[in-house]
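Here is how the chains run, residue by residue.
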Amino acid sequence: MGFENLLKTKAVQWLTSETRLNTKRFNEELLRRLKRRPHEILYFHRVDDPYCQLMVQVLPEFSRRFGVTIIPKVVEKLPADMYPDPARFEAYSIIDASRLARLYGAGFPSSATVPDRLAVNMANRYLATIERSEAFFAAAEEIGEALWQRNVHEVQHLTKNADISDNQLTENSRLLKSLGHYASAILYYGGEFYFGLDRLDHLERRLNTLGLGDGEIHFDLQRLWHGHIRNLEKSIAGRTVELFFSVRSPYSYLGLEYARELSDVTGANIRLRPVLPMLMRGMKVPLAKGQYILSDVSREARAKGIKFGKINDPLGLATKRAMAIGFSVMKEGYGLEFFSAFTRGVWSEGIDGTSDEGLSLILEKAGLSSNWINLAMPESDWKKIAETNQQDMLMSGSWGVPTFRVGNTVLWGQDRMWAVLEALKQQ
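Computed from a predicted model, the values in this text were never measured in an experiment.

So, how was this worked out
Residues numbered from 1 in each chain as written. Predicted model: local features only at pLDDT ≥ 70, side-chain atom pairs only at ≥ 80, totals over all residues. Heavy atoms only, no water. Helix = DSSP H or I, 4+ residues; strand = E, 2+ residues; numbered from the N terminus. Buried < 20%, exposed > 50% of the residue type's maximum accessible area, 1.4 Å probe, protein only. Contact = heavy atoms within 4.5 Å. Areas by Shrake-Rupley, 256 points an atom, 1.4 Å probe, with all protein chains shown as cover. Lys, Arg positive; Asp, Glu negative; His and termini not counted. Charge placed at Lys NZ, Arg CZ, Asp CG, Glu CD. Pairing = 2+ DSSP bridges. Axes fitted to C-alpha atoms, helices over the stretch in contact; angles between N-to-C directions. Salt bridge = Lys/Arg side-chain N within 4 Å of Asp/Glu carboxyl O. Core = buried A, V, L, I, M, F, W, Y, C linked by side-chain atoms within 4.5 Å. Expected span 1.5 Å × (residues − 1). Arc of directions from axis to C-beta. Parallel < 35°, antiparallel > 145°, perpendicular 65-115°, else oblique. Nonpolar A, V, L, I, M, F, W, Y, C, P; charged D, E, K, R; others polar.

### A look at the overall build of the chain
Thinking step 1. On a plain count of helices and strands, the chain comes out with 17 helices and 8 strands.
Thinking step 2. The dimensions of the chain, computed from C-alpha atoms along their principal axes, are 70 × 50 × 45 Å.
Thinking step 3. When burial is assessed residue by residue, the chain has 53% of its 427 residues classed as buried.
Thinking step 4. Counted over contacts in the chain with a minimum sequence separation of 6, partners at least 24 positions apart contribute 76%.
Thinking step 5. Of the roughly 19600 Å² of accessible surface on the chain, 50% is carried by carbon and sulfur atoms.
Thinking step 6. Charge separation in the chain, taken as the distance between the mean sites of 54 positive and 51 negative side-chain charges, equals 3 Å.

In structure tokens:
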């Protein structure tokens, strides 16, 4: 590893470390006390975000449990460059929100479809005018229910006093950007972001540590998945889960770790579908998004006891070499072992995936011979397979990694393992 890369690795390791996180949280709490501010959480709401429809239902009770004030901020126009495939993301989000609603017993229309644009505009503007009202969450839930059922007349009735000014929406969007994020359904507390129901468990733990809560965690999806996997034992042995992933995605690293656990415990068959990273397909990842991903993955990994943070970025040659070796070992049935070892190596152990020495070490950790380096598949061959995988993933309705597919059920994200299990049971 060159000196420049070593410095970069050390810097990222510090930025993603638990020590830095705890120091930052300590300083945030100290500053809050010195300024005698109450515990306040910002919540960014967008009426046509299905995850927001779930959030407005759980946040009032969340506020009561922890004795915190939640301040809503309505946003409308999110940065286009943050979403590589907005149409697929929008369609998938509606399906996924419906799935989450069933899990938590929340309300979300089973017949939900993309809302009417005029109704969305009216709803956003009306809710922006009542951000400071205690009635905000109840109004947001009622309006959202009508909106997701495309009941335009009801939305018009509920929002007849809407202010036509965009000033508040613009101000809120600027605030979100200045804080360093880009998405709705996001909570901001003490210098950290928590997205949707999926990350409420991290905020619960943090507030419990401050002595504010009841000591319980109500939104731990990982605990749910682990509880189910132990009960399944071998009942789903032999059933297949397809996993679309990229070795340059830290979320894919976590997804591969969970896939291995699923395979080891239940005997499920994991069919790997590697794809090239976004940056190697001519797409861009904005700085704010990249920074959030690193902080979010480090927090997720830490909560699950997975090592993360000693990173040697595999972008470029390391990815190419991983794909060349990986596609070869997959033919012999060792793909999961190799790709798990590779992603663990570059995302948590700082191994250089461009060198023969680094790849030999990764192969050794996977229980494989270093001779596989010489048996690597030609780039012209593996690129065709990777492109086929990419197109298959897009055709299934997903745009990003990791994506799990069980039969016709498509699930995006490493935090959907509980839904993977449900799909396997129904297969």
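### Quick look at the sheet that holds strand β7 (residues 403-406)
Thinking step 1. With mixed pairing, the 4 strands of this open sheet are ordered in space as β6-β5-β7-β8. If you trace the sheet from one side to the other, it starts and ends with β6 (269-274) and β8 (409-412), each paired once. With direction set aside, neighbouring strand axes in the sheet form an average angle of 20°.
Thinking step 2. Pairing of strand β5 (residues 240-245) with β6, which is carried by 6 bridges, proceeds in the parallel orientation. Across the sheet, Thr-240 pairs through a bridge with Asn-269, a residue of β6.

### Considering the pattern of salt bridges
Thinking step 1. Using the criterion set out here, one finds 37 salt bridges in the structure.
Thinking step 2. For the salt bridge of Arg-205 with Asp-220, the shortest nitrogen-to-oxygen distance reads 3.0 Å. Remark: Asp-220 occurs in the loop between α9 (200-209) and α10 (221-232) and Arg-205 occurs in helix α9; sequence separation between them is 15 residues.
Thinking step 3. Relative accessible area serves as the criterion here: at 27%, Arg-205 is assigned to the partly exposed category.
Thinking step 4. On the accessibility criterion, Asp-220 (14% relative accessible area) is buried.
Thinking step 5. With a shortest N-O distance of 2.9 Å, Arg-405 and Asp-392 are connected by a salt bridge. Here the residue Arg-405 occupies a position in strand β7, and Asp-392 occupies one in helix α16 (residues 379-395), the gap between them amounting to 13 residues.
Thinking step 6. Judged by relative accessible area, which is 13%, Arg-405 ranks as buried.

### Description of the nonpolar core
Thinking step 1. Leu-127, Leu-262 and Phe-338 are the most contacted members of the largest nonpolar core, which totals 121 residues.
Thinking step 2. Looking at this core element by element, the count peaks at 9 residues for helix α3 (residues 50-66).
Thinking step 3. Not counting the four nearest positions on each side in its chain, Phe-338 is found in contact with Ala-322, Ile-325, Gly-326, Val-329, Ile-362, Leu-363, Ala-366 and Leu-368.
Thinking step 4. In this structure, Leu-276, Met-323, Phe-327 and Met-377 belong to the second largest nonpolar core, which totals 7 residues.

### A word on helix α8 (residues 167-179)
One full turn of an α-helix is made of 3.6 residues, so residues set three or four places apart face in the same direction.
Thinking step 1. An ideal rise of 1.5 Å per residue puts 18 Å on 13 residues; α8 measures up with 19 Å between its terminal C-alpha atoms.
Thinking step 2. Inspection of α8 places Leu-169, Asn-172 and Leu-176 among the buried residues, and these make up the whole buried set. Relative to the axis of α8, the buried residues are bounded by an arc of 65° and lie together on one face. In α8, those exposed residues whose orientation departs by more than 90 degrees from the buried face are Asn-167, Arg-174, Lys-177 and Ser-178.
Thinking step 3. Along its buried surface, α8 packs onto β1 (40-45), β2 (69-74), α5 (117-129) and β3 (186-189).
Thinking step 4. One or two residues past the end of α8 sits Gly-180, with phi positive at roughly 110°.

### Some words on unusual backbone geometry
Thinking step 1. Cis geometry marks the peptide bond from Val-401 to Pro-402, where omega comes out at -5°.
Thinking step 2. Topologically, Pro-402 is positioned in the loop between α16 and β7.
Thinking step 3. The phi torsion at Arg-150 lies on the positive side, around 55°, for a residue other than glycine.
Thinking step 4. As for its position among the elements, Arg-150 is in the loop between α6 (136-148) and α7 (152-158).
Thinking step 5. Phi is positive for Ala-185, close to 60°, though the residue is something other than glycine.
Thinking step 6. Here Ala-185 is to be found in the loop between α8 and β3.

### Here's the deal with the packing of α3 against helix α4 (residues 86-104)
Thinking step 1. At a minimum axis separation of 8 Å, α3 and α4 run at an interaxial angle of 25°. With respect to α4, the axis of α3 lies roughly parallel. Contacts between α3 and α4 involve Pro-50, Tyr-51 and Leu-54 on the former and, on the latter, Tyr-92, Ser-93, Ile-94, Asp-96, Ala-97, Leu-100 and Ala-101.
Thinking step 2. When the residues that make up the contact of α3 with α4 are grouped by side-chain class, the tally is 8 nonpolar, 1 polar and 1 charged.

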